[in-house]
Amino acid sequence: MKGKRLYQLIQELNKTEHRQLINACKLKADKRAIALGELLGKRNLTEVNFEKWLLALVKSWQIMEPAEQDKKQRRWIDFACKEIENQFINSHFAESPKRNFELANIFDKRNHEDLTTYYNKLSLQSAETGKDAPSLINGYDMQLRWLGRNQTEKNIGAIGSLLLKRKEVTEQSYHDAMTYFYTISSALYMDNPNDLAYREIAPTKNSFLELRNTAKDSYNHILYMLAEARFNFYNRKIFEKQLKEVSRTIEESHLDLNSKRYLERSYLYLNITGGLYYNFDMQSLTADAEKMFEIMLFYKIHDSIGYFLYLFLLLVDKNLEQYDRLVKKYNTMFYSVENKDYFLFLESLRLFQGRKSEQAIANLLHTSYSHSLYVAAWSRLLEIKIHSDDGDNRLVKVLIDRAKRFLKTHKGNRLIYEPMMSFLLKLEGKKILKTRVEQPKYFTYYS
């Protein structure tokens, strides 16, 4: 689709931005702006009608040569996109706390001390209120440069005070960056624990202890605890102990309610993942998933996987009434064309429970090849279960062999590979999959 980005940009304009841009186009003599104003006047165009309008615009230029038509069209689209982008930037900086910093930066480059000082002071006030470490560092550095140009006794005293603030915010910024890094890397480690890169990334127990002890704020301290628990996921004894410590620390912390809730969501997500692997109590897992979902709704976090886990646990727990209620009320909020596989799998399980196996199989033929490894794996298991119940042993054998080949290509993912492979081997009457540690009793769903 030609002009796809332009169409998407127009859809993102709110009412105020839309009106301001139309008025700006009316004030310009540029024919390109007049055409953009006309397009903006047709705010609710569908993609098809947008393309028709664009084609009509090209015809109005009366250019016969196709290459020239295309060239001018691309230039006009680029112009229109930039006009809308400028509108977004203007809207953003009209309200953004960073507006004052950008003004300070402009006048700093122009070597205007008074204006630089004025806007930098406003910028620092906003940054301190918002606890914006990068903006604080930039503001302190700008202030230090100007004070350093005139080293009076008064300025030297101010420089010393600023350097202490700069040190504190630098340390805070360091821990913000490191907790983000270890949050991401520890989550990826759980999916690929045998990958050498993640083994090298994972800090030692003493390293985590040092990081926690040097983090002056409770929020980062708990994020380090969560990351360490993820890195110990496959050592059940340590993992469960650390989970309990995380839960207790969050509860006992003096953090504000919002921070506590965000941390609680991360803890619940990790606890549910552990429960799926180590077969924690079903009712407790479902209760945790409900708490996590409530936090998501309150903070408008549209996490399709978190929503999926709650619905999935409701189905396994056979709480169909609650499942149906949530699907009716929230599905459009969490699922779209791009991630529909999650819901298709859930509906397959729902259909299977309602003894509508043929309809379930129709969905599973699609979800067995989902981009989500978990949906693809569980879809293959459910397909095997359905045909096994029907007594089609020949097809079951074929499906088991196919599932085993699928697993071998994802052998590094222990969260899926070990429980599913053990289940398949049991179906074949073979010995349980060997592991270096005591075999966990895998989640109820695998039974």
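Cut-offs applied
Residues numbered from 1 in each chain as written. Predicted model: local features only at pLDDT ≥ 70, side-chain atom pairs only at ≥ 80, totals over all residues. Heavy atoms only, no water. Helix = DSSP H or I, 4+ residues; strand = E, 2+ residues; numbered from the N terminus. Rg over C-alpha atoms; globule rule 2.2 N^0.38 Å. Contact = heavy atoms within 4.5 Å. Areas by Shrake-Rupley, 256 points an atom, 1.4 Å probe, with all protein chains shown as cover. Lys, Arg positive; Asp, Glu negative; His and termini not counted. Charge placed at Lys NZ, Arg CZ, Asp CG, Glu CD. Axes fitted to C-alpha atoms, helices over the stretch in contact; angles between N-to-C directions. Parallel < 35°, antiparallel > 145°, perpendicular 65-115°, else oblique. Left-handed = near helix turned anticlockwise from the far one by under 90°. Nonpolar A, V, L, I, M, F, W, Y, C, P; charged D, E, K, R; others polar. Buried < 20%, exposed > 50% of the residue type's maximum accessible area, 1.4 Å probe, protein only. Patch = residues over 30% accessible without salt bridge, like charges linked within 9 Å, V, L, I, M, F, W, Y side chains within 5 Å. Salt bridge = Lys/Arg side-chain N within 4 Å of Asp/Glu carboxyl O. Phe/Tyr/Trp six-rings, centres within 6.5 Å; stacked < 30°, edge-to-face > 60°. pLDDT = per-residue confidence, 0-100. Core = buried A, V, L, I, M, F, W, Y, C linked by side-chain atoms within 4.5 Å.

### Structural notes on the overall build of the protein chain
Logical step 1: Helix and strand content of the protein chain: 22 helices and 0 strands.
Logical step 2: Relative to a compact globule of 447 residues, whose C-alpha radius of gyration would be 22 Å, the protein chain shows 29 Å and is clearly more extended.
Logical step 3: Counting only C-alpha atoms and orienting by the principal axes, one finds that the protein chain spans roughly 80 × 70 × 40 Å.
Logical step 4: Look at the contacts in the protein chain between residues 6 or more apart in sequence, and 62% of them connect residues 24 or more apart.
Logical step 5: Summed over all atoms, the accessible surface of the protein chain reaches about 26,100 Å², with 52% contributed by carbon and sulfur.
Logical step 6: Considering the protein chain, the positive charge centre built from 69 side chains and the negative charge centre built from 56 side chains are found 3 Å apart.

### As for the packing of helix α18 (residues 340-353) against helix α20 (residues 373-389)
Helix packing for two helices is described by the angle between their axes and how far apart those axes are.
Logical step 1: It is the contact of α18 with α20, at a shortest axis distance of 11 Å, that shows an interaxial angle of 20°. Classed by the angle they form, the pair α18 and α20 counts as roughly parallel. In this structure, α18 crosses over α20, and the sense of that crossing is left-handed. The segment α18 lies against α20, with D341, Y342, F345, S348, L349 and F352 engaging V375, W378, S379, L382, K385, I386 and D389.
Logical step 2: Residues belonging to the contact of α18 with α20 are distributed by class as follows: 8 nonpolar, 2 polar and 3 charged.

### A short note on unusual backbone geometry
Logical step 1: The residue K300 is not glycine, and still its phi comes out positive at about 55°.
Logical step 2: Classification of K300 by relative accessible area gives exposed; the value is 69%.
Logical step 3: With a phi close to 60°, R355 is a non-glycine residue in the positive phi region.
Logical step 4: Looking at the element boundaries, R355 is found in the loop between α18 and α19 (357-367).
Logical step 5: By relative accessible area, which is 77% here, R355 ends up exposed.

### Some thoughts on a nonpolar patch on the surface
Logical step 1: On the surface, a nonpolar cluster with roughly 310 Å² of combined accessible area is contributed by Y180, I184 and L188.
Logical step 2: Position of I184 relative to the elements: it lies in helix α9 (residues 153-191).

### Some words on the packing of aromatic side chains
Logical step 1: Counted by the stated rule, this structure contains 35 aromatic pairs.
Logical step 2: Ring centres of Y189 and Y234 lie 6.4 Å apart, and the angle between their planes is 70°; on these two criteria the pair is classed as edge-to-face. Of the two residues, Y189 is situated in helix α9 and Y234 in the loop between α12 (218-231) and α13 (236-252); the sequence distance between them amounts to 45 residues. Side by side, Y189 and Y234 carry an identical accessibility label, which is buried.
Logical step 3: Ring centres of F293 and Y307 lie 5.5 Å apart, and the angle between their planes is 25°; this geometry places the pair in the stacked category. One end of the pair, F293, is in helix α15 (residues 282-298); the other, Y307, is in helix α16 (residues 304-316), with 14 residues separating them in the sequence. Comparing F293 with Y307 shows no difference in burial state: the two are buried.

### As for the confidence of the model for the protein chain
Logical step 1: Averaged over every residue, the pLDDT of the protein chain is 91; the share at 70 or more is 98%.
Logical step 2: Summarising per-element confidence for the protein chain, the mean pLDDT is lowest in helix α10 (residues 196-201) (82) and highest in α13 (97).

### Quick look at the nonpolar core
Logical step 1: With 94 residues, the main nonpolar core has F312, W378, F443 and Y445 as its most contacted residues.
Logical step 2: Counting residues per element, this core draws most heavily on α16, at 10 residues.
Logical step 3: In this structure, W378 is in contact with L276, F308, F312, F345, I416, Y445 and Y446, ignoring residues within four places of it in sequence.

### Focus on the environment of L54
Logical step 1: Inspection of the secondary structure assignment puts L54 in helix α4 (residues 47-60).
Logical step 2: By relative accessible area, which is 2% here, L54 ends up buried.
Logical step 3: Between the C-alpha atom of L54 and that of K2, which follows or precedes it by 52 residues, the distance is 8.7 Å.
Logical step 4: With near-sequence residues (within four places) excluded, L54 lies in contact with K2, Q73, W76 and I77.

### Notes on the pattern of salt bridges
Logical step 1: This model, assessed by the stated rule, comprises 21 salt bridges.
Logical step 2: Linking R350 and D324 is a salt bridge whose minimum nitrogen-to-oxygen distance equals 2.7 Å. Separated by 26 residues along the polypeptide, R350 in helix α18 and D324 in helix α17 (residues 320-334) bring together distant segments of the chain.
Logical step 3: Residue class for R350 comes out partly exposed when judged on its relative accessible area of 22%.
Logical step 4: Ionic pairing is found between D401 and K397, a salt bridge with its closest N-O pair at 3.5 Å. Linking D401 with K397, this pair stays in helix α21 (residues 393-408), spanning 4 residues, or about one helical turn.
Logical step 5: A relative accessible area of 28% places D401 in the partly exposed class.
Logical step 6: Look at K397 and you get exposed, because its relative accessible area is 53%.
Logical step 7: Put simply, K2, D70 and R74 are held in one network by salt bridges that share partners.

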